[in-house]
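Listed below are the residues making up each chain.
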Amino acid sequence: MQIEQISKLACPERIARLKEEMLEEPRFASIEQACIVTDSYKETEGEPRCIQRAKALKAALEKIAIRIEPEERIVGNRTSGVRGGVVFPETGASWVDREFETLPTRPQDKFQVRQEDIDAFRRDIMPYWRGRSLEDQVRMAVGSQVDAIAKVVKINQKDHSQGHICPNTKKWLKLGPVGIRREAEAHLDQADERQKDFYRSVILSMEGASAFMERYAVLAEKMYQETKKENLLEVAKVCHKLAVSPAETYHEAVQATWFLYVILQMEGNASSFSPGRMDQYLYPYYENSRKQGMTLEDALELTECLWLKFNQLVYLRNSNSAKYFAGFPIGFNVAIGGQNEDGSDASNDLSYLFLQAQSHLLLPQPNLSLRIYKGSPRPLLEAASRVIGLGSGMPQVFNDEAVVPALESHGISHEDAMNYAIVGCVELTTHGNALAWSDAAMFNLLKALELTLNHGVDMLNGEKTGLDLGDLTTYETFEDLEAAFAKQIDYFSDKMVECVSQVEKMHEKLLPTPFLSSVIDDCLAKGQDVTQGGAHYNFAGVQAIQVANVADSLAAIKSLVYDKKKISREDLLRALQTNYENAPLIRAMLLNKAPKYGNDVDWVDQLGAKWVNYFADGLKKYRNGRGGIYQMGLYTVSAHVPMGQNVGASADGRYAKDPLADGGVSAMYGRDGQGPTALLQSVAKLPFMKASNGTLLNMKFLPQFFKTETGIYKFTELLRAVCNLGISHIQFNVLNEKDLRAAQKKPEEYRSLTVRVAGYTAYFTELAPDLQEEIIARTTYEAI
Amino acid sequence: MTGIIFDLKRFAVHDGGGLRSTLFLKGCPLHCPWCQNPEGMDHKPALWYNPNDCLGCGSCVAVCTEQALSLGERVHVEHSKCTLCGKCEDVCPGSALERMGGTVTAKEAAERLLRDSVFFGADGGVTLSGGEALSQWEFAAEVLSLCKEKGTDTAIETCLLAPRKAVEAMLPVTDHFLIDIKYLDPIIHEKVIGVDNRQILDNYEFLVSQGADVIVRTPLIPGYTATEENIRNIARYIRTVDADTKYELLNFNPLCRSKYTALERDYPVEGRAFSEEEMSGFYKILQEEGILHIIKE
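Please read these numbers as outputs of a predicted model, since none were measured by experiment.

A. Representation of the overall build of chain B. Scanning chain B from N- to C-terminus turns up 10 helices and 13 strands. Its C-alpha atoms give chain B a radius of gyration of 20 Å, near enough to 19 Å, the size a compact globule of 297 residues would have. Considering only C-alpha atoms, chain B reaches an extent of 60 × 45 × 30 Å along its principal axes. The burial tally for chain B puts 49% of its 297 residues in the buried class. The contacts of chain B with a sequence gap of at least 6 include a subset with a gap of at least 24, amounting to 69%. Carbon together with sulfur atoms contributes 50% to the accessible area of chain B, which is approximately 13300 Å² in total. Positive and negative side-chain charges in chain B, numbering 30 and 44 respectively, have mean positions lying 2 Å apart.

Written out as structure tokens, the structure reads:
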């Protein structure tokens, strides 16, 4: 390996120029694909849905306006502008209709709009999709059920495709669109009618893919004739080759990879498709090109071209969804390092090149993840720690020691578990053979506790939404309260699973995804789309939220109300109902006189673990719409802010509507006073074996920690301890308040300042003010 | 064997190698005007009041049977009347009142220190600090001995103002001695700190003669120790005692001022931490004096 040489590579000048151009370009909402797709649907009325979908995709691939920057070496986008917000009426049109005018001014994830687009949308697109889109169909089928539980359970995927999928990129590189088309053709003969439609839909998609690549070849050739820029000639050759045959060189493999993700997004418009272990499957191409004389500089430049591309697709969400997942995360999650199936180390030159690319660009995408294990080589940990110290929040760290056994205990083979990747933000997946439906729902345990303390009545609006099991004053013992809490959780779990199943059915009916299915193992063999359960693994994931607040609230109630009787049950209930209005001393006692999760106090941490366990075990009895099991996750992305807005005052001393603890397994901000090791010890007591959908711990460090070699070394020691503690995932935010205040005042000067929001990195200046404040308020570990 | 401690810090990254847990023992024979841990100076526990966490509710005054507390703009503690009964601490709804210093057995102390052993790795471990750790040397030796039994790396931060038998007791259980030399001149030492430094230097030379791993440290205090002459003298001296000596300069940390506010005392040191350039100036002196191992953070 050439670790030393790679660490000295500078950022190529071409990349610096392309980056600047990209960031300067304004973002617009785009209806171009919506127009093409709508026209196609009108023409294919009556055909099977998978054929309709494939033809619509093919039409878009053949017709959508394309653009190449004169200096680009890796090309392709789904709009001609960069970072366009693609209106996708198949999944959601009604909300666009409602919110179109507000896109430029809404608090989170703003897009500019053109009046003629708004007019065309209302004239040509909206009328066709009214009542037909996923959003409208879901609303008709299950809307009232979803609304009835909304304060406790947020059901997702109601107006967009699922995503959170790691396709089999290795296969795509090996076969290319032509090879996959042939594979589908070979299956056609023995197929039954329904399978035949599926195979035909795959063939149509692949024809579209080849055409799309060839269009880039033609455009690059034309631009080369005009400009004589060598990179354009190279682009033309690469794209032309990929349209007809598989990749062989590193350049071709990188370009082919990018085309795959652009087309997946054009088909699915999903919150994320993740490349996964790119340092593994791109390595043979890298090695091949190196042998043929490719320099390290060239390999880095191509990598960084791809890194820029990862930032050019963003995801247009509705305004509510944008609060939960702020900063247009689209989750091109790239995992590096880790182990091979036999337990040997998997890192290679590309692992280091990817880190170097990240250190140069410091952009929100790709969402770079480092897999560590007990034997991780020190140079890799040190290189990664240096990049973490730069403060882009990446790489985020995943621990094989915790993740692999968790996956295996959920029915995943050892081989697949060792080859795990991460999708989206922090969700765990196998590589190329799963539809894990990772974000089926978010379950607000703290809200369920509120209802349990108050006759099933919402303390914020007085509506009865939960089971009436009594209130705090009627529970004679802490055990009585816990028994009622358990019933409340069961009640909402049942309702949640009903809703999720209905949403899944709607995806199967309306949104088959033949292109995606062609790169998910077992779909072609079974002749079945992923939405029908064609994938080898079929999971659904639900997030339990939020362990810190539940543990702290229950600990305070147990200790101060039931055990020490310092606060009466009546007084506490009244204080909660009135949001501590006349009870500052009660609130002070709750805050100061009861121990908190995150300080390595066993009984408090065990309370958190107990309820997370209870929730996870409850999921075991359900099956999802594709026949697979439910998995629990422990993460919120940015949802701890809006989910907190749904919850009244809680017994941990939190005011009504204040944010919940961030991340997923983090302590409530400012309440982990014993430093990072105590926090980690607390976190390690949670059942990571059961949280196979993914977890999230946020830790903040000041940049000073990383300024010296000793600091870097001590940080790697911390990572090693995390391995031994069996915590599956940590993200490190390295920031200081001064930077952030300055960025609030002069956003234009801090355009590229990125911060970790939770499961991903966003541009700080593009976050809504309350999220900015929240990030500033979080605790930061100074060196002691 | 019990000892009186006033704090235990986990994830200590600045004193000794790797990641460490540091135990702070109460009581110190020196009276450095710049002391960073004034709450550790006294040998006895004391009631600690933090005005920032005070809600001004007066519950503590009402519950005190000794009339040791009074409420004005803030709570005033009459330490001579306080019997450390803990009623006020218990009743305070905030965390403004706290008994600083508690008695623990050596076994308890070792267990708490070793709780983070998963973080210690190859070169991390436990450190005893203070106050002055050797002012309770029998306790200190037992704590470190219990840690050593578990194979843990051990270190002690000390000013070495202690009887020779204390130093001898620590030798077999201590992997690293981080020793403070503030001034070389015994007269200045006595004038500023209240005691002369002959015993300190004797013990230092003894440790070196025994082949102990010693890091000499000098806190750079503006207006006090941070003069070229003082640093040069110390460097020259330790270089003579031990040609291979390790020397670390500790930059001034003004953050302890808030502790003095809490104690209703003035902090006598003006000034700020030294800049990187100023630190380079000090390091240059060490180089000129032939210090081979300059320890930096």
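There's more to say after this.
B. Layout of the overall build of chain A. Broken down by element type, chain A carries 32 helices and 18 strands. Compactness check: chain A gives a C-alpha radius of gyration of 26 Å against a globular reference of 28 Å for 784 residues, within 12% of the reference. With respect to the principal axes defined by its C-alpha atoms, chain A has extents near 85 × 65 × 50 Å. Counted over contacts in chain A with a minimum sequence separation of 6, partners at least 24 positions apart contribute 78%. Here chain A displays about 24700 Å² of accessible surface, and carbon together with sulfur accounts for 50% of that area. Taking the average location of the 88 positive side-chain charges in chain A and that of its 102 negative ones, the two points are 2 Å from each other.

C. Spatial organisation of the sheet that holds strand β13 (residues 293-295) of chain B. All names here are of chain B. Read across the sheet, nine strands follow the order β7-β1-β2-β8-β9-β10-β11-β12-β13 without closing on themselves; strand pairing throughout is mixed. Of all strands in the sheet, those bounded by a partner on one side alone are β7 (102-105) and β13. Here the average twist between neighbouring strands, direction ignored, is 30°. Pairing between strand β11 (residues 214-219) and strand β12 (residues 246-250): five bridges, direction parallel.

D. Region of the structure containing helix α10 (residues 276-288) of chain B. All names here are of chain B. Taking 1.5 Å of rise per residue, 13 residues should cover 18 Å, and α10 covers 18 Å from first to last C-alpha, within 8% of that figure. Taken together, the buried positions of α10 are occupied by Met279, Phe282, Tyr283, Ile285 and Leu286. Projected down its long axis, α10 carries its buried residues within an arc of 150°, all on one side. Exposed residues lying more than 90 degrees from the buried face of α10 are Glu277 and Gln287.

E. Spatial organisation of the nonpolar core. In this structure, A:Trp172, A:Phe354, A:Phe443 and A:Met496 are the most contacted members of the largest nonpolar core, which totals 245 residues. Excluding anything up to four places from it in sequence, A:Met496 contacts A:Ile149, A:Val153, A:Ile155, A:Ala441, A:Phe443, A:Val542, A:Phe615 and A:Leu619.

F. Geometry of the packing of aromatic side chains. All names here are of chain A. One pass over the full model with this rule turns up 33 aromatic pairs over all chains. Measuring from ring centre to ring centre gives 5.2 Å for Phe212 and Tyr216, while their planes differ by 85°; the resulting arrangement is edge-to-face. Note that Phe212 and Tyr216 are positioned in helix α9 (residues 193-227) at a spacing of four residues, about one turn of the helix. For the pair shown, Phe212 and Tyr216 are each scored as buried. A centroid spacing of 5.7 Å and a plane angle of 55° characterise the contact between Tyr216 and Phe259, whose relative ring orientation is tilted. Remark: Phe259 occurs in helix α11 (residues 250-268) and Tyr216 occurs in helix α9; sequence separation between them is 43 residues. You can call Phe259 buried: its relative accessible area is 0%. An aromatic cluster is defined as three or more aromatic residues linked by ring pairs; in this entry it consists of Trp258, Tyr261, Trp307, Phe310, Phe332 and Phe354.

G. Region of the structure containing the pattern of salt bridges. Overall, the coordinates contain 65 salt bridges over all chains when judged by the stated rule. Across the salt bridge formed by B:Lys107 and B:Glu111, the nearest N and O atoms sit 3.4 Å from each other. Of this pair, B:Lys107 and B:Glu111 both sit in helix α3 (residues 106-114), four residues apart, which is roughly one turn of the helix. Each of the salt bridges in this network shares a partner with another, and the network as a whole consists of A:Asp600, A:Asp602, A:Asp605, A:Lys685, B:Arg10, B:Arg115 and B:Asp116.

H. Broad picture of the environment of B:Glu157. Residues and elements named next belong to chain B. Here Glu157 shows up in strand β9 (residues 153-158). In sequence terms Glu157 and Asp180 are 23 residues apart; their C-alpha atoms lie 7.6 Å from each other. Those residues in contact with Glu157 that lie beyond four places of it in its chain are Asp15, Thr22, Thr127, Leu128, Ser129, Ala133, Leu178 and Arg217.

I. Up close: the sheet that holds strand β4 (residues 333-337) of chain A. Residues and elements named next belong to chain A. The mixed open sheet is built from five strands, whose spatial order is β4-β5-β6-β16-β15. Each edge of the open sheet is held by one strand with a lone partner, namely β4 and β15 (698-701). The mean inter-strand angle of the sheet, taken between neighbouring strand axes irrespective of direction, is 30°. Bridging between strand β6 (residues 396-399) and strand β16 (residues 729-734) involves two bridges; their strand directions are antiparallel. Counterpart to Val397 in the pairing with β16 is Ile730. Most of the contacts of helix α18 (residues 400-408) go to β6, to which it runs at about 55°, and overall it touches β5 (367-372) and β6.

J. Structural context of the domain arrangement of chain A. All names here are of chain A. The domains assigned to chain A are domain 1 (29-155), domain 2 (270-436 + 697-784) and domain 3 (441-694). Taken over C-alpha atoms, the centre of domain 1 sits 33 Å from the centre of domain 3. Taken together, the contact between domain 1 and domain 3 spans 24 residues of the former and 28 residues of the latter. At the boundary of domain 1 with domain 3, total buried surface from both sides reaches about 2200 Å², with 72% on carbon and sulfur atoms. Between domain 1 and domain 3 we count zero salt bridges in total. Joining domain 1 to domain 3, the criterion identifies six residue pairs in polar contact (both at pLDDT 80 or more). Breaking the side of domain 1 that touches domain 3 down by element, the ones donating at least two residues are α4 (49-63), α7 (134-148) and β3 (153-155). In terms of residue class, the side of domain 1 that touches domain 3 is made up of 14 nonpolar, four polar and six charged.

K. Just the domain arrangement of chain B, in detail. Entries for chain B in the domain assignment read domain 1 (2-43 + 103-259 + 271-295) and domain 2 (46-100). Inter-centroid distance (C-alpha atoms) of domain 1 of chain B to domain 2 of chain B is 33 Å.

L. View of the packing of helix α8 (residues 169-188) of chain A against α9(A). Residue and element names in this part refer to chain A. Following both chains from N to C, one finds α8 and α9 inclined at 150°, their axes separated by 9 Å at the closest point. Here the hand of the crossing between α8 and α9 comes out left-handed. Side by side, α8 and α9 meet where Trp172, Pro177, Val178, Ile180, Arg181, Ala184, Glu185, His187 and Leu188 of the first sit next to Lys196, Tyr199, Arg200, Val202, Ile203, Met206, Glu207, Ala209, Ser210 and Met213 of the second. Its residues assigned to classes, the contact of α8 with α9 shows 12 nonpolar, two polar and five charged.

About the criteria used
- Residues numbered from 1 in each chain as written.
- Chains lettered and ligands numbered in written order.
- Predicted model: local features only at pLDDT ≥ 70, side-chain atom pairs only at ≥ 80, totals over all residues.
- Heavy atoms only, no water.
- Helix = DSSP H or I, 4+ residues; strand = E, 2+ residues; numbered from the N terminus.
- Rg over C-alpha atoms; globule rule 2.2 N^0.38 Å.
- Buried < 20%, exposed > 50% of the residue type's maximum accessible area, 1.4 Å probe, protein only.
- Contact = heavy atoms within 4.5 Å.
- Areas by Shrake-Rupley, 256 points an atom, 1.4 Å probe, with all protein chains shown as cover.
- Lys, Arg positive; Asp, Glu negative; His and termini not counted.
- Charge placed at Lys NZ, Arg CZ, Asp CG, Glu CD.
- Pairing = 2+ DSSP bridges.
- Axes fitted to C-alpha atoms, helices over the stretch in contact; angles between N-to-C directions.
- Expected span 1.5 Å × (residues − 1).
- Arc of directions from axis to C-beta.
- Core = buried A, V, L, I, M, F, W, Y, C linked by side-chain atoms within 4.5 Å.
- Phe/Tyr/Trp six-rings, centres within 6.5 Å; stacked < 30°, edge-to-face > 60°.
- Salt bridge = Lys/Arg side-chain N within 4 Å of Asp/Glu carboxyl O.
- Domains from an automatic or database assignment.
- Buried area = accessible area lost by both parts, 1.4 Å probe.
- Polar contact = N/O pair within 3.5 Å; in protein donor to acceptor, adjacent residues only side chain to side chain.
- Nonpolar A, V, L, I, M, F, W, Y, C, P; charged D, E, K, R; others polar.
- Left-handed = near helix turned anticlockwise from the far one by under 90°.

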